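Topology and contacts: notes
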Amino acid sequence: MVLMLIVVLMVAVAGLLASARIVRQYERGLVFRFGRLQEMTRGPGLTLIVPILDRLQKVNLQIVTMPIPAQDGITRDNVTVKVDAVVYFRVTDARRAVVNVQDYMFAVLQVAQTSLRSIIGKSDLDELLTNRERLNQGLEVMIDSPAIDWGVHIDRVEIKDVSLPESMKRSMSRQAEAERERRARIITADGELQASRKLADAAATMARTPTALQLRLLETVVEVAAEKNSTVVLPFPVELLRFLERSASTEGTVEPPQTDYATELSRVHAAQ
């Protein structure tokens, strides 16, 4: 009698161990009995199933980070690029994620790849490089539309990198360098224009007051002498140069005095 009780107890313990399952906090359990999905979803903790008759399948509800392999494509402006991205998603309905699709992770990956190729063909190169936020939103909508029927919610999609051909990189580098050179020249020209206006105002002021020009000349001499130089350079007035030029031209045009030929001949005979 005692032996029978021990045997029954051991069988009960073995059956309990065979039917006991543990579901983690971030999981949900689905029970299939004879292949039919049961209505009740098992929550986290210890749960029991009927041995041999039931099969428990666990579904992870955590956010999954899935990298999208780099996809080759041609942009709308005929530039060949390679773009990779990453998608964040999670299961919101465990029943549909198991029943409606064979492998929801593989399905999300395939939809993400095709959507990425499609978004590359619809965008220009400048949009891929500068307007990624809008492209990320478009990718999220394109992937989330079919994923809703699978019980999957797309939280976020991010474009990681855009790889360009080496020839395109060199062209963009030359373009950026030319743009910087253009800006530098514009800034230099603008500075010269402002400086010329200030100099014109200063010249007009000094023209009205000749003493100011002399004071400026003396100040320049003092600045040069302060450097302890052995040679002092003094500016030569332009008006004096012009006066000398006019004097030289006047002297060059004066005709030499003409001597009478007969007078000279008589002087020669007298001398003989």
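Residues numbered from 1 in each chain as written. Predicted model: local features only at pLDDT ≥ 70, side-chain atom pairs only at ≥ 80, totals over all residues. Heavy atoms only, no water.

For clarity, the cut-off: UniProt positions are given in the numbering used here, feature names are shortened, and annotations may be inferred rather than shown by experiment.
Per an unreviewed UniProt entry, the protein chain goes by Slipin family protein and derives from Dactylosporangium salmoneum. As recorded by UniProt, the Sequence similarities (unreviewed entry) comment attached to the protein chain reads in full: "Belongs to the band 7/mec-2 family."

1. Section: a nonpolar patch on the surface
To keep it simple, the criterion reads: Patch membership is restricted to residues that have no salt bridge and whose relative accessible area is over 30%. Joining uses 9 Å for like charges and 5 Å for the nonpolar side chains Val, Leu, Ile, Met, Phe, Trp and Tyr. Note on areas: Shrake-Rupley, 1.4 Å probe, and residue coverage restricted to the protein chains presented here. A side-chain nitrogen of Lys or Arg and a carboxyl oxygen of Asp or Glu constitute a salt bridge if their distance falls within 4 Å. A helix here means a DSSP run of H or I that spans at least four residues, while a strand means a run of E at least two residues long, and both kinds are numbered starting from the N terminus.
On the surface, Phe34, Val50, Ile52 and Leu53 cluster together into a nonpolar patch covering about 450 Å² of accessible area. Relative to the elements of secondary structure, phenylalanine 34 occurs in the loop between β2 (27-33) and β3 (36-37).

2. Concerning the sheet that holds strand β5 (residues 54-60)
For the record, the criterion: Two strands pair if DSSP finds at least two bridges between them.
One open sheet accounts for three strands, arranged β3-β2-β5; its pairing is antiparallel. At either margin of the open sheet sits one strand with a lone partner, and together these are β3 and β5. Pairing of β2 with β5, which is carried by seven bridges, proceeds in the antiparallel orientation. The residue bridging phenylalanine 32 from the neighbouring strand is arginine 55, located in β5.

3. Points about the sheet that holds strand β7 (residues 80-91)
Filter applied, for reference: Angles shown run from 0 to 180 degrees and are taken between the N-to-C directions of axes, each axis being a line fitted to C-alpha atoms and, for helices, limited to the stretch in contact. Throughout, a contact is declared for two residues whenever any of their heavy atoms are within 4.5 Å.
Pairing is antiparallel in the open sheet, where three strands are placed in the order β6-β7-β8. Strand pairing shows two members of the sheet lacking a second neighbour, β6 (64-74) and β8 (152-163), which therefore form its edges. On average, each strand axis in the sheet is tilted by 25 degrees relative to the strand beside it, whichever way the strands run. By the bridge criterion, ten bridges tie β7 to β8 in an arrangement that is antiparallel. Pairing of arginine 90 across the sheet is with histidine 153, part of β8. Each of β6, β7 and β8 is contacted by helix α3 (residues 104-121), which is oriented at about 35 degrees to β6, the strand it contacts most.

4. What about the packing of α3 against helix α5 (residues 132-147)?
We apply this condition: Angles below 35 degrees are treated as roughly parallel, those above 145 as roughly antiparallel, those between 65 and 115 as roughly perpendicular, and all remaining angles as oblique. The crossing is said to be left-handed when, going from far helix to near helix, the turn is anticlockwise and less than a right angle, and right-handed when the turn is clockwise.
Following both chains from N to C, one finds α3 and α5 inclined at 140 degrees, their axes separated by 9 Å at the closest point. Looking at the two axes, α3 sits oblique to α5. For the crossing formed where α3 meets α5, the hand is right-handed. Between α3 and α5, the residues in contact are Val111, Ala112, Ser115, Leu116, Ser118 and Ile119 and Leu135, Leu139, Met142, Ile143 and Pro146, respectively.

5. What to know about the confidence of the model for the protein chain
Defined as follows: pLDDT is a residue-level measure of predictor confidence that goes from 0 to 100.
Mean pLDDT for the protein chain: 81, with 82% of residues reaching 70 or above. Low confidence marks residues 268-272, where pLDDT is under 50. Its contacts with residues over four positions away, or in another chain, come to zero contacts.

6. Re the pairing of β6
Sheet topology note: the β6/β7 ladder contains nine bridges and is antiparallel. Considered in β7, the bridge of threonine 65 is made with tyrosine 88. Turn length for the β6-β7 hairpin, with the two strands adjacent in sequence and antiparallel, is five residues, and the turn residue asparagine 78 shows positive phi of about 65 degrees.

7. Brief notes about the side chain of glutamine 113
Tracing the chain through its elements places glutamine 113 in helix α3. Ignoring anything within four residues of it in the chain, the contact list for glutamine 113 reads Ile68, Pro69 and Gln71.

8. Some words on the pattern of salt bridges
Pairing between side chains becomes possible if they bear opposite charge and their charged atoms approach one another. As enumerated under the stated definition, the model contains 13 salt bridges in all. The closest approach of N and O atoms between arginine 76 and glutamate 127, which form a salt bridge, is 3.8 Å. Here glutamate 127 lies in helix α4 (residues 125-130) and arginine 76 lies in the loop between β6 and β7, a separation of 51 residues in the sequence. Three or more residues are tied together by salt bridges with common partners; here these are Arg76, Asp124, Glu127 and Arg134.

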